[in-house]
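What follows is each chain in one-letter form.
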Amino acid sequence: IGVSMSGIVGVSPNMKSGVVGITPKGHVIQVVHERFEVSATAINVNSTTPTDGWGASMSVNITPKQLNSKIHISFQGMNSHTHSYAGNKGICLFIYHDVAGGGFTNVTTGRLLSGYYENGSSNGEWSEHVQSLWYLHSPSYTVGQEIKYRVFYSTHSDNSAATYLTHSKFNNDSNHELDAIGIAMEISA
């Protein structure tokens, strides 16, 4: 009985021959994640101009290891909450990024990634909306520059609402509070 094999075991067939240190297209290079502590402090959202009122508490930073990588960014578990009094309420959520301290800009050039809209009632009912955002971003950077990603928010219209980083869905029940997370994944291009 004879066994015949050809090729090299353990090497991806998509890998470029003779090139050391190049990751094949579409492979994960690194993953960075942050868990955001529970906060029951409301932030009043009363402007149609996006702001980062959560600031660094809803931020994930990554320093790409290779040039031209894509960054898969996601934020999950933020809780938009409103006391729905008469009038329409709504919150829009965006992902902004900052490369090497150059200032925050919207990754989708103005388009929102999540949010909700509701027609308020006169009896002040509560409304909870757990949010998830994700986006595959192709940022401009040089290797070694840190990229910061943050969640920004605005109102849906000229009305006001409240939003929480996380908020108990059940009064005085800490076992059911949500923890928010942010994940940045570098993917080879």
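Predicted model, so just to flag it, every value in this text is computed and none were measured.

Student: I'd like to hear about the packing of aromatic side chains, residue by residue, with values.
Tutor: Per the counting criterion, the structure on display carries three aromatic pairs. Pairing Tyr 96 with Phe 152 gives two aromatic rings, centres 3.9 Å apart and planes at 15°, and the pair type is stacked. Pair noted here: Tyr 96 is in strand β5 (residues 88-99) and Phe 152 is in strand β9 (residues 147-155), with a separation of 56 residues, a long-range link. Using a relative accessible area of 13% as the deciding quantity, one classes Tyr 96 as buried. In this structure Phe 152 comes out as buried when scored by relative accessible area, which is 8%.

Student: Could you give an account of the pattern of salt bridges, naming the residues involved and the relevant values?
Tutor: In the structure shown here, the tally under the stated rule is one salt bridge. Where Asp 52 meets Arg 150, a salt bridge forms, and the shortest distance between an N and an O atom there is 2.8 Å. With Asp 52 in the loop between β2 (43-45) and β3 (59-62) and Arg 150 in strand β9, this pair connects stretches of sequence that are 98 residues apart. Since its relative accessible area comes to 15%, Arg 150 is described here as buried.

Student: Go over the nonpolar core with me, naming the residues and quoting the values.
Tutor: Met 58, Phe 75 and Tyr 149 are the most contacted members of the largest nonpolar core, which has 24 residues in total. Sorting the residues of this core by element identifies β1 (28-36), β3, β4 (70-84), β5, β9 and β11 (180-187) as the ones contributing at least two each.

Student: Describe the environment of Lys 70, with residues and values.
Tutor: Within the secondary structure layout, Lys 70 lies in strand β4. The partly exposed category is assigned to Lys 70, whose relative accessible area is 32%. In contact with Lys 70, not counting residues within four places along its chain, are Leu 136, His 137, Ser 138, Met 185, Glu 186 and Ile 187. Within polar-contact distance, the side chain of Lys 70 engages the side chain of Ser 138 at 2.9 Å.

Student: Got a sec to walk through the pairing of β9? Specific residues and values, please.
Tutor: Of all nine residues in β9, eight are buried, a share of seventy percent or more. Sheet topology note: the β3/β9 ladder contains four bridges and is antiparallel. For Ser 59, the partnering residue across the bridge sits in β9 and is Arg 150.

Calculation criteria
- Residues numbered from 1 in each chain as written.
- Predicted model: local features only at pLDDT ≥ 70, side-chain atom pairs only at ≥ 80, totals over all residues.
- Heavy atoms only, no water.
- Phe/Tyr/Trp six-rings, centres within 6.5 Å; stacked < 30°, edge-to-face > 60°.
- Helix = DSSP H or I, 4+ residues; strand = E, 2+ residues; numbered from the N terminus.
- Buried < 20%, exposed > 50% of the residue type's maximum accessible area, 1.4 Å probe, protein only.
- Salt bridge = Lys/Arg side-chain N within 4 Å of Asp/Glu carboxyl O.
- Core = buried A, V, L, I, M, F, W, Y, C linked by side-chain atoms within 4.5 Å.
- Contact = heavy atoms within 4.5 Å.
- Polar contact = N/O pair within 3.5 Å; in protein donor to acceptor, adjacent residues only side chain to side chain.
- Pairing = 2+ DSSP bridges.

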